[in-house]
Amino acid sequence: MAPQDNDVQLRAYPRPVVTPPSGKNSGSNSDLTYGYPVKTAISANKDLSHDQDAQYLARMGKQQVLKRNFGLLSMIGLACTIMSTWEGILVIFAIGLNNGGQAGLIYGFLLNWAGIMATFVVMGELASMIPTAGGQYHWVHVLAPKSYRNILSYVTGWLTCIGWMASVAAAGMFCSTLIQALIIQNKADFVPAGYQVTLIFWGTIMFSVFVNTCVNAALPKIEGMVLFIHIIGFFAILIPLVYLGPKGNTKEIFTTFVNAGNWPTKGLSFMVGLAGNAVAFVGADGAVHMSEEIKNPRVNVPRAMVFGIFINGLMAMGILIAVLYTAGDLTAASESAVGLVGYPFIYIFTTATNSVTGASIMAALLPVTTFFSTTGAVAAASRQLWAFARDRGVPFWRTIGKINPSTKVPLAAIAVVSITPCLLSLINIGSSAALNAILSLVLAGLFSSYEIAAALLLYHRCKGNVAPPNDDPSDISNPLEKLTWGPWRLKGVLGVANNIFACIYLVVITFFSFFPATSVVVPATMNWSSLLFGSVVIFSLLYYQFSARHYYVGPVVEI
């Protein structure tokens, strides 16, 4: 007898014998399906014949528990505002200026833009194949050799978690330090202190939590609105800057390299600045972790990432060139009151407009957009953590992996990704190096997770292990039984070449992300991200060895 649309189709697969541990977080045999994969399903309790997105998710063993409120435009808005690239290139302007100079900023930006685009074409291919909120750790579990898939997936999940929590911290820190810089700009007797930034940061995080919990249903509309502000704000700064500012020397701008970090060579200095400027593109994979909340994710998630990077890259390039051409005396900008707290661009705005008020109005757009970048980062980070907890990847997974029935959001996960950055921000009270450490941790965590997934995909595409797309609507098999391309991919030799370039780029940026800003290292200039990153990796390995390996078997088949 032919199965009905709402029947569960079971298949037998060899499964390892796993003895579940006893204890609070262990669960019982009844709530965990050991082995991977063991089921293919349309749904165990619901007719999904008219919901293709939920149907495909069910085929991968996951229940549709989040609302699909996002469309393509609102997801592009989320990706653009999390990245906030033109804003980011201004915020981290001093990093590239000290290590690379004017020419280094331009060529480094172009290299980062190309590398990030290549990376997220690969991430888009993976998201099109496996569109779940877990993202990298889920992909790695599917792609990795059977003997290593659990440990590789587990470590990747932790790297992604810490990378996204650091992203929340970085966005919130940008917002709060920009507010402090604007106060410095307008109040000559103001004395900046680290605790001020921390308090403003906490306020930013609290309001982001409010948006993500109390008005979460309106988040897609909010992101669409912020996309509009993001684009209009670009022109609101670019036009007066170009029209009113001084005009620089083209040859000097495109040929002047600076090594203010006193590295042995200008080439090494350029690479240190290159890694710092890559932060301006961080966050595009936020769309991946919202895959279970967007319609037609197999196509719209890759499109949102690639379109977002393209749009943001164009605007950031325009702002960068405009600032460099109208900068005037860069030494004076760096040594100004706002330059000393890391934002020489505010001084450049002031000299261009010849007005403190005008410059302040222009610069005030950045805390607005970076605030909503923080809000989007909280949303993406919480979904990633929730997905990892759903698959028993973190301590207290039972609590963190729950969806609140009334709000339809993971409240516990939102709490974790908000409290952790607040704790990280305490470093800022005693050390001015906190922001650089957080930025480096963002790159190290996220880029290493991209690298693992991209390298595994490259191996399979070179071996010819990935089958052509299968979009037969009558097919109810699990798409993870055999690697199959999604509807969005880069074909043939071009896809392989892009994948190779992405892997090389990710290794280079991850390596240089651990470098301090200067070659003379003291506690105040030390890049502490290596300590934080190493601690997370060691903790995840130890926790896996002594506890998680008994019950973490990768993505859990729920239906």
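See above for the structure.
This write-up is about the structure you can find in this document. (Residues numbered from 1 in each chain as written. Predicted model: local features only at pLDDT ≥ 70, side-chain atom pairs only at ≥ 80, totals over all residues. Heavy atoms only, no water.)

1. Section: the overall build of the protein chain
No. 1: Along its length, the protein chain carries 24 helices and two strands.
No. 2: Residues counted as buried form 58% of the 559 residues belonging to the protein chain.
No. 3: In the protein chain, once contacts between residues fewer than 6 apart in sequence are set aside, the share between residues at least 24 apart is 82%.
No. 4: For the protein chain, the accessible surface area stands at approximately 21500 Å², while carbon and sulfur atoms represent 66% of it. (Helix = DSSP H or I, 4+ residues; strand = E, 2+ residues; numbered from the N terminus. Buried < 20%, exposed > 50% of the residue type's maximum accessible area, 1.4 Å probe, protein only. Contact = heavy atoms within 4.5 Å. Areas by Shrake-Rupley, 256 points an atom, 1.4 Å probe, with all protein chains shown as cover.)

2. Topic: a nonpolar patch on the surface
No. 1: A cluster of nonpolar residues, Y195, L199, W202, I419, L423, L426 and I429, forms a patch on the protein surface that exposes about 690 Å² of accessible area.
No. 2: Looking at the nonpolar patch element by element, the count peaks at three residues for helix α8 (residues 194-214).
No. 3: Along the polypeptide, L426 turns up in the loop between α20 (411-424) and α21 (427-430). (Patch = residues over 30% accessible without salt bridge, like charges linked within 9 Å, V, L, I, M, F, W, Y side chains within 5 Å. Salt bridge = Lys/Arg side-chain N within 4 Å of Asp/Glu carboxyl O.)

3. What about the packing of aromatic side chains?
No. 1: In the structure shown here, the tally under the stated rule is 26 aromatic pairs.
No. 2: Consider the rings of Y137 and F388, whose centres lie 4.7 Å apart with planes at 55°: the pair is tilted. Residue Y137 is located in helix α6 (residues 136-143), and its partner F388 is located in helix α18 (residues 365-390); the two are separated by 251 residues in the primary sequence. Summarising the burial analysis for this pair, Y137 and F388 share the class buried.
No. 3: A centroid spacing of 6.5 Å and a plane angle of 55° characterise the contact between Y154 and W158, whose relative ring orientation is tilted. (Phe/Tyr/Trp six-rings, centres within 6.5 Å; stacked < 30°, edge-to-face > 60°.)

4. Some words on the packing of helix α5 (residues 101-129) against helix α13 (residues 297-325)
No. 1: Following both chains from N to C, one finds α5 and α13 inclined at 175°, their axes separated by 9 Å at the closest point. What the angle tells us is that α5 and α13 run roughly antiparallel.
No. 2: Residues belonging to the contact of α5 with α13 are distributed by class as follows: 23 nonpolar, four polar and one charged. (Axes fitted to C-alpha atoms, helices over the stretch in contact; angles between N-to-C directions. Parallel < 35°, antiparallel > 145°, perpendicular 65-115°, else oblique. Nonpolar A, V, L, I, M, F, W, Y, C, P; charged D, E, K, R; others polar.)

5. A word on α20
No. 1: In a regular helix each residue adds 1.5 Å, so 14 residues correspond to 20 Å; α20 covers 20 Å between its end C-alpha atoms and thus fits that length.
No. 2: Restricting attention to buried positions, one finds in α20 the residues A413, I414, V417, S418, P421, C422 and L424. Burial along α20 is one-sided: seen end-on, the buried residues are contained in an arc of 170°. The exposed set on the far side of α20, more than 90 degrees from its buried face, consists of I419 and L423. (Expected span 1.5 Å × (residues − 1). Arc of directions from axis to C-beta.)

6. Considering the packing of α8 against α20
No. 1: Two elements in contact, α8 and α20, have axes whose closest approach is 10 Å; the angle formed by their N-to-C orientations is 170°. By the criterion of interaxial angle, the relationship of α8 to α20 is roughly antiparallel. For the pair formed by α8 and α20, the contact residues are F201, W202, I205, V209, N212 and T213 on the first element and L411, I414, S418, P421 and C422 on the second.
No. 2: When the residues that make up the contact of α8 with α20 are grouped by side-chain class, the tally is eight nonpolar, three polar and no charged.

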